[in-house]
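Next come the chains, spelled out residue by residue.
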Amino acid sequence: MTQTAVYTEQQFIADLRDVFATHRDSVQQAHHVAALLRRAFENGWPENSEKFGDDNGTYEIYRDTEYGHPNPGFVVLAYRQGPQEIKRPAPHDHGYCWVAYGVKSGGNTQSRYAYVHTGDDVEMPSFQLVQTMEQGPGDVHYILPGEIHSVQGSPTDETVYCRITSMDLDTVQRHRYDVESGRSAIFSSATTTTP
Ligand SMILES: [Fe+2]
């Protein structure tokens, strides 16, 4: 009799911890974590998690006390959300943290922004949309420390997605950006809700 190898949530969490234990560089960490998240999706996660539910909302799956970047405390969050009104979500960064975003079902649109400098040193840099990524089922992307993005949920489908943050972002000061002016303001998601 052959047995099908199942990638359990317990093993997934253990592998996430191992990534932090093995790699100090945030790019390596985020890249390996994204691969693990794709594997978890292929094995029925997060729907098969005891911590995930049928109602729309945010489900905290796991919170570490030992590992993270740059400080301990990476967090695994899973979301179920209904169709979202199309709006212009505020671009933001994650301070010195990185975040991996994966879609299990439905879809998210990820927009990446950057300041673009001309060679003229008296010109202000312009704030520009530099990349748009349509995330469908199984797609995982990551936003590195200092990178700027926004997320728009599918306007038509229920979306189940996951977010692994290298620390609890409630503890991190970061920036939100105005698309038109490129001006930024400091905020913390402990006081303001934002992805
Ligand atoms: Fe974000």
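Refer to the structure above for everything that follows.
Residues numbered from 1 in each chain as written. Predicted model: local features only at pLDDT ≥ 70, side-chain atom pairs only at ≥ 80, totals over all residues.

Q: Would you mind going over the packing of helix H1 (residues 9-22) against helix H2 (residues 26-42) in detail, with residue names and values included?
A: Relative to each other, H1 and H2 sit at 170°, their axes nearing to 9 Å. With respect to H2, the element H1 is oriented roughly antiparallel. For the pair H1 and H2, contact is made by Phe12, Asp15, Leu16, Val19 and Phe20 and by Gln29, His32, Val33, Leu36 and Ala40, respectively. (Axes fitted to C-alpha atoms, helices over the stretch in contact; angles between N-to-C directions. Helix = DSSP H or I, 4+ residues; strand = E, 2+ residues; numbered from the N terminus. Parallel < 35°, antiparallel > 145°, perpendicular 65-115°, else oblique. Contact = placed C-beta atoms within 7 Å.)

Q: If you had to explain the environment of Thr8 to someone new, which residues and values would you point to?
A: Tracing the backbone shows Thr8 in the segment before H1. It is 7.7 Å that separates the C-alpha atoms of Thr8 and Asn43, two residues lying 35 residues apart in sequence.

Q: An account of the sheet that holds strand E1 (residues 57-63) is requested, with residue identities and associated values reported.
A: A sheet is described by the order of its strands in space; here five strands give the open sequence E1-E2-E8-E3-E6, paired in antiparallel fashion. Edge positions in the open sheet fall to E1 and strand E6 (140-143), since each of these has one partner strand only. Taken over all neighbouring pairs, the strand axes of this sheet differ in orientation by 20° on average, direction set aside. For strand E3 (residues 99-105) and E6, the ladder comprises four bridges, and the chain directions are antiparallel. Directly across from Ala100, in E6, lies its bridge partner Tyr142. Each of E3, E6 and strand E8 (159-165) touches H2; the most contacted strand, E3, lies at about 15° to it. (Pairing = 2+ DSSP bridges.)

Q: Any details on unusual backbone geometry? Residues and values, ideally.
A: For the peptide bond that leads from Trp45 to Pro46, omega is 5°, which places it in the cis range. Along the polypeptide, Pro46 turns up in the loop between H2 and E1. Residues His69 and Pro70 are joined by a peptide bond in cis, for which omega reads 0°. Relative to the elements of secondary structure, Pro70 occurs in the loop between E1 and strand E2 (75-81).

Q: I'd like to hear about the environment of Gln10, residue by residue, with values.
A: Its location among the elements puts Gln10 in helix H1. A C-alpha to C-alpha distance of 27 Å links Gln10 and Pro145, two positions 135 residues apart in sequence.

Q: Lay out H2 with the relevant residues and their values.
A: Across its 17 residues, H2 extends 24 Å between first and last C-alpha, which sits within 8% of the 24 Å expected from 1.5 Å per residue. Gln29, Ala30, Val33, Leu36, Leu37, Ala40 and Phe41 are the residues of H2 that are buried. Looking straight down H2, one finds its buried side chains confined to an arc of 140°; they lie on one side. Exposed side of H2, more than 90 degrees from the buried face: Val27, Gln28 and Glu42 are the residues found there. Along its buried surface, H2 packs onto H1, E3, E6 and E8. Looking one or two residues beyond H2, the residue adopting positive phi is Gly44, at roughly 85°. (Expected span 1.5 Å × (residues − 1). Buried ≥ 20, exposed ≤ 12 C-beta atoms within 10 Å, placed from the backbone. Arc of directions from axis to C-beta.)

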